[in-house]
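One letter stands for each residue in the lines below.
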Amino acid sequence: MPLDKPYADIPGTTIFDAEQSRKGYHLNMFCMSLMKAPNRERFKADERAYLDEWPMTEAQKQAVLARDYNAMIAVGGNIYFLAKIFSTDGKSFQHAAASMTGMSQEDYARMMIDGGRSPEGNRRRGEPK
Amino acid sequence: MAHISAGVTTSHIPAVGAAMDLGKTQEPYWAPVFKGYEVSRQWIAANPPDVVFLVYNDHATAFSLDLIPTFAIGCADSFAPADEGWGPRPVPVVQGHPDLAWHIAQSVIQSDFDLTIVNRMDVDHGLTVPLSLLFGQTPAWPCRVIPFAVNVVQFPPPSGNRCFQLGKAIRRAVESFDENLNVQIWGTGGMSHQLQGPRAGLINKAFDQRFMDLLIDQPEVLAQMPHHEYMREAGSEGIELVMWLLMRGALDAKVNTVHRFYHVPASNTAVGHLVLENAV
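This structure is a prediction, so every number in the text was calculated from the model and none was measured.

**Some remarks on the overall build of chain A**
Line of reasoning, step 1. Helices and strands together make up the secondary structure of chain A, namely eight helices and zero strands.
Line of reasoning, step 2. In chain A, the succession of helices and strands from N to C terminus is α-α-α-α-α-α-α-α.
Line of reasoning, step 3. The dimensions of chain A, computed from C-alpha atoms along their principal axes, are 45 × 45 × 20 Å.
Line of reasoning, step 4. Counting only residues that meet the buried cut, chain A has 36% of its 129 residues in that class.
Line of reasoning, step 5. When contacts within chain A are restricted to residue pairs at least 6 apart in sequence, long-range pairs at least 24 apart make up 53% of them.

Laid out in structure tokens, this is it:
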């Protein structure tokens, strides 16, 4: 019997479940290594060489190099682990969140001040907006 | 005997901690957030706990994907603020209460709740931001703290009902501890927020207000809510709200609402905060 995923139809959302976690183990553990200052320095000095020390897929490495957070999540990244990357870059959670929505950080911040993204039309895929 | 006198729930947004650490609390963006905690700071000064049993989640700080405990109780003498990637927050070291923590662990495990015992753990913003919100900037936290970490990062987290029932078991454990201690239980995290994907920024005020209503008056109904409803309605990270049920399970069926606060936004998140006392 396949795992029950009653959350699979939530639009624009990837739940970090068993499948994602297994896919993303090495990507997320690479992120975890950035909690140590010497590792952050080595990563910043040569990102590709540092990534090559990890048994990650090429798609995972490319997503990190491009700072494409949606792509990182698709290949198993979890946002709390990926936070180590944008913290290393000196960027905020809001910066990263905005980048995943396709909005500028300014427009995203304005949306939040105006009350955030409405759940209306955002509960199920294919639902009328 | 020890007893649980009150419960507190609050969001634990890292940007709120940073606003305090960087002296931005009076800026127009942040001032309404901190104003919502003024009543609570007065209340806690008048009702100081000996121990706070602090339910929070670790955000890939002490626990990576190598080890994912569903429920972990901190039994150490002290817990250092963690370096989450930009250096530790400038807040005091957290002093534990190992006697009570071990007593709760033994009692609760023997009541069928299988906890993980932790003797060394750094604590991240999930634990230190609530302390800062209630106690402000201080050279030393004014009470002991038992950190209680709940997994909400790796799906599936424990169910709302499991958290609610565990809260009841924790209350029984506290009430069987010989020393006369005033214990508060705090449930942290939430409210609606989503930090990932094209749907990031989701806020559901109606859900959040209803969640607080039910938490206060009908927690046993709220405890039946399935995970996917939290995630659909309150955003993927809104699932943290199961931790509020753990707090609620440790209080009486009837509670008085000392303070209730709700504000949007703080960074990506809806801020929710309750102070509840057992109705006498």
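Alright, that's what it looks like, and here's the rest.
**Here's the deal with the sheet that holds strand β1 (residues 3–10) of chain B**
Residues and elements named next belong to chain B.
Line of reasoning, step 1. Pairing is mixed in the open sheet, where eight strands are placed in the order β6-β3-β7-β2-β8-β1-β10-β9. At either margin of the open sheet sits one strand with a lone partner, and together these are β6 (116–118) and β9 (255–266). The sheet shows a mean angle of 20° between the axes of neighbouring strands, taken without regard to direction.
Line of reasoning, step 2. Taken together, the five bridges between strand β2 (residues 51–56) and strand β8 (residues 182–188) define a ladder with parallel strand orientation.

**What about the nonpolar core?**
All names here are of chain B.
Line of reasoning, step 1. Judged by nonpolar contacts, the single largest core of 121 residues is most densely connected at F53, L54, V55, I73, I146, L241 and M243.
Line of reasoning, step 2. No other element matches helix α6 (residues 160–175), which puts seven residues into this core.
Line of reasoning, step 3. Once you skip the residues sitting within four places of it in the chain, L241 turns out to touch G189, G190, M191, F211, Y230 and A234.

**As for the environment of N119 of chain B**
Line of reasoning, step 1. Turning to its location among the elements, N119 of chain B is positioned in the loop between β6 and α5 (125–135).
Line of reasoning, step 2. Residues N119 of chain B and G74 of chain B, 45 residues apart in the sequence, show an inter-C-alpha distance of 6.3 Å.

**Comments concerning α5 of chain B**
All names here are of chain B.
Line of reasoning, step 1. The element α5 is largely enclosed, with a buried count of 10 among its 11 residues.
Line of reasoning, step 2. When we look at burial in α5, the residues that qualify are H125, G126, L127, T128, V129, P130, L131, S132, L133 and L134.
Line of reasoning, step 3. Buried positions along α5 lie against β1, α1 (14–21), α3 (38–46), β2, β7 (144–150) and β8.
Line of reasoning, step 4. Following α5 by one or two positions, G136 has its phi on the positive side, about 70°.

**What to know about the pairing of β8 of chain B**
Residues and elements named next belong to chain B.
Line of reasoning, step 1. Here β8 lies mainly inside the structure; six of its seven residues are buried.
Line of reasoning, step 2. When β1 meets β8, the two strands line up parallel, connected through seven bridges. Its bridge partner being in β8, H3 is matched across the sheet by N182.

**Description of the interface of chain B and chain A**
Line of reasoning, step 1. With 33 residues of chain B at the contact, the number on the chain A side is 42 residues.
Line of reasoning, step 2. Where the side of chain B that touches chain A is concerned, the elements lending two or more residues are α1, α9 (227–234) and β9 of chain B.
Line of reasoning, step 3. Of all the elements, α9 of chain B adds the most residues to the side of chain B that touches chain A, at four residues.
Line of reasoning, step 4. For the side of chain B that touches chain A, the class distribution of residues is 15 nonpolar, 13 polar and five charged.

**Focus on unusual backbone geometry**
Line of reasoning, step 1. For the peptide bond that leads from F155 of chain B to P156 of chain B, omega is 0°, which places it in the cis range.
Line of reasoning, step 2. Tracing the sequence through the fold places P156 of chain B in the loop between β7 and α6.
Line of reasoning, step 3. Of note, the bond from G190 of chain B into M191 of chain B is cis; its omega dihedral lies within 30 degrees of zero at -5°.
Line of reasoning, step 4. Within the secondary structure, M191 of chain B sits in the loop between β8 and α7 (205–217).
Line of reasoning, step 5. Phi is positive for R67 of chain A, close to 50°, though the residue is something other than glycine.
Line of reasoning, step 6. By the secondary structure assignment, R67 of chain A is in the loop between α4 (58–65) and α5 (69–74).
Line of reasoning, step 7. The class for R67 of chain A is partly exposed, based on 15 C-beta atoms found within 10 Å.

Procedures and definitions
- Residues numbered from 1 in each chain as written.
- Chains lettered and ligands numbered in written order.
- Predicted model: local features only at pLDDT ≥ 70, side-chain atom pairs only at ≥ 80, totals over all residues.
- Helix = DSSP H or I, 4+ residues; strand = E, 2+ residues; numbered from the N terminus.
- Buried ≥ 20, exposed ≤ 12 C-beta atoms within 10 Å, placed from the backbone.
- Contact = placed C-beta atoms within 7 Å.
- Pairing = 2+ DSSP bridges.
- Axes fitted to C-alpha atoms, helices over the stretch in contact; angles between N-to-C directions.
- Core = buried A, V, L, I, M, F, W, Y, C linked by C-beta atoms within 7 Å.
- Nonpolar A, V, L, I, M, F, W, Y, C, P; charged D, E, K, R; others polar.

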